Amino acid sequence: MVLNTQRKDKLDALAESASDAGVSLAASAWRRLRRNPVFIVGSLVIVAFVLLALLAPVLAPHDPAQRLLESQVSRAENTIPPSQPGFPLGGDQYGRDLLSRLLLGSQQTLLVAVLATVIGLGGGLVLGLLAGAFGGWVDALVMRIADVMLSVPSLLLAVSIGALFAEQTQFTVILAVAIVQVPIFGRLLRGTMLAQRSSDHVLAARALGVKESAIVFRHMLPNALGPVIVQATLVLAVAIIDAAALSFLGLGAADDSVPEWGQMLGGAQDIIDSHPQLAFWPAGCIILVAFGFTLVGESLRDALDPKRRR
């Protein structure tokens, strides 16, 4: 029975390899991703999150800054508005609609995560390209800077960078999270670029007298971007958590009329014992979205890396 099972697994692997023959890497990876339930679940979570963020102004039943239920808030009795018609999740400690704040908060979370990852990816591409293309003292200098930054825990480094600004805004959160990501992308691209330098097609291009700039941008860089793009998907999950942590610690925008999940979570700490739902909903949203990006990133890595294919 065991032998038959092993034989069937080997036949399935051979059949998959045969079906992938003559097919591009992207097409082969997409073929596996479509049959991967982990990727499907993660994609559904991300699509739902993006749609909610884009349609939040339409879906939000009320203005998240208006204290429509303030009359039901009693600090003496430690009560907040419960769930009621028109307010499915009730209100917060200031009488604002909790559902509307969660929906509009998804916009800020998506904005911070995407912009921080894009800026970090851009900076990492520049450093990794310099180190991987030129090598020598340029490589040594760039990597020593990356080593210093990577030696500090990412959240601690982000908090330190955010605390340097005199005025805390959403932009400072984006910049702090982005700077933390730069050495991650830089080191990864540098490694893949160094691997490309000794590949056959690069050596053949040099033998034919192709200019070094053309070799870097036409041959080495396009083939080295795959792992970096996959890493960007995984880093999105980390960016969401780091941005929420900075807002939770009070390093985000001071104006809470524009809701953000980390800020909502931090504001609920004073009454979390009596009203845990105020922390449960934003924390649950952060965990779910980060989990979705992690699932997609892991699936992409498995699909694009032959050594990880199952």
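Residues numbered from 1 in each chain as written. Predicted model: local features only at pLDDT ≥ 70, side-chain atom pairs only at ≥ 80, totals over all residues. Heavy atoms only, no water.

Looking at the overall build of the protein chain
Here is step 1 of the chain: Secondary structure assignment for the protein chain yields twelve helices and zero strands.
Here is step 2 of the chain: In the protein chain, which comprises 310 residues, the share counted as buried stands at 41%.
Here is step 3 of the chain: Across the protein chain, the fraction of contacts at a sequence separation of at least 24, relative to all contacts at a separation of at least 6, is 70%.
Here is step 4 of the chain: Total accessible area on the protein chain is roughly 16,400 Å²; 68% of this is exposed by carbon and sulfur atoms. (Helix = DSSP H or I, 4+ residues; strand = E, 2+ residues; numbered from the N terminus. Buried < 20%, exposed > 50% of the residue type's maximum accessible area, 1.4 Å probe, protein only. Contact = heavy atoms within 4.5 Å. Areas by Shrake-Rupley, 256 points an atom, 1.4 Å probe, with all protein chains shown as cover.)

Topic: the packing of aromatic side chains
Here is step 1 of the chain: Applying the stated criterion across every chain yields a total of two aromatic pairs.
Here is step 2 of the chain: A centroid spacing of 5.8 Å and a plane angle of 45° characterise the contact between phenylalanine 49 and tryptophan 261, whose relative ring orientation is tilted. Taken as a pair, phenylalanine 49 in helix α3 (residues 37-54) and tryptophan 261 in helix α11 (residues 261-267) lie far apart in primary sequence, 212 residues in all. Tryptophan 261 shares its class with phenylalanine 49; the two are buried. (Phe/Tyr/Trp six-rings, centres within 6.5 Å; stacked < 30°, edge-to-face > 60°.)

Re the confidence of the model for the protein chain
Here is step 1 of the chain: Across the protein chain, the average pLDDT comes to 81, with 90% of residues at 70 or higher.
Here is step 2 of the chain: Per-residue pLDDT, averaged within each element of the protein chain, yields its smallest value for helix α1 (residues 2-20) (47) and its largest for α3 (91).
Here is step 3 of the chain: Contacts of residues 9-22 to residues separated by more than four positions or lying in other chains number seven contacts, the stretch itself having pLDDT below 50. (pLDDT = per-residue confidence, 0-100.)

Examining the pattern of salt bridges
Here is step 1 of the chain: Inspection of every chain in the model, using the stated rule, returns seven salt bridges.
Here is step 2 of the chain: Note that arginine 96 is salt-bridged to aspartate 92, the shortest N-O span being 2.9 Å.
Here is step 3 of the chain: With relative accessibility at 5%, the residue aspartate 92 sits in the buried group.
Here is step 4 of the chain: For glutamate 298, the salt bridge identified is with arginine 301, shortest N-O distance 2.5 Å. Of the two residues, glutamate 298 and arginine 301 are both situated in helix α12 (residues 277-304); the distance of three residues between them amounts to about one turn of the helix.
Here is step 5 of the chain: For glutamate 298, a relative accessible area of 30% translates into the label partly exposed.
Here is step 6 of the chain: Its relative accessible area of 27% is what places arginine 301 among the partly exposed residues.
Here is step 7 of the chain: The network of salt bridges with shared partners includes Asp92, Arg96 and Arg101. (Salt bridge = Lys/Arg side-chain N within 4 Å of Asp/Glu carboxyl O.)

Overview of the environment of isoleucine 240
Here is step 1 of the chain: Looking at the secondary structure, you find isoleucine 240 in helix α10 (residues 212-248).
Here is step 2 of the chain: With 130 residues separating them along the chain, isoleucine 240 and leucine 110 place their C-alpha atoms 7.8 Å apart.
Here is step 3 of the chain: Isoleucine 240 has contacts with Thr109, Ala113, Ile286, Val289 and Phe293, leaving out every residue within four places of it along the chain.

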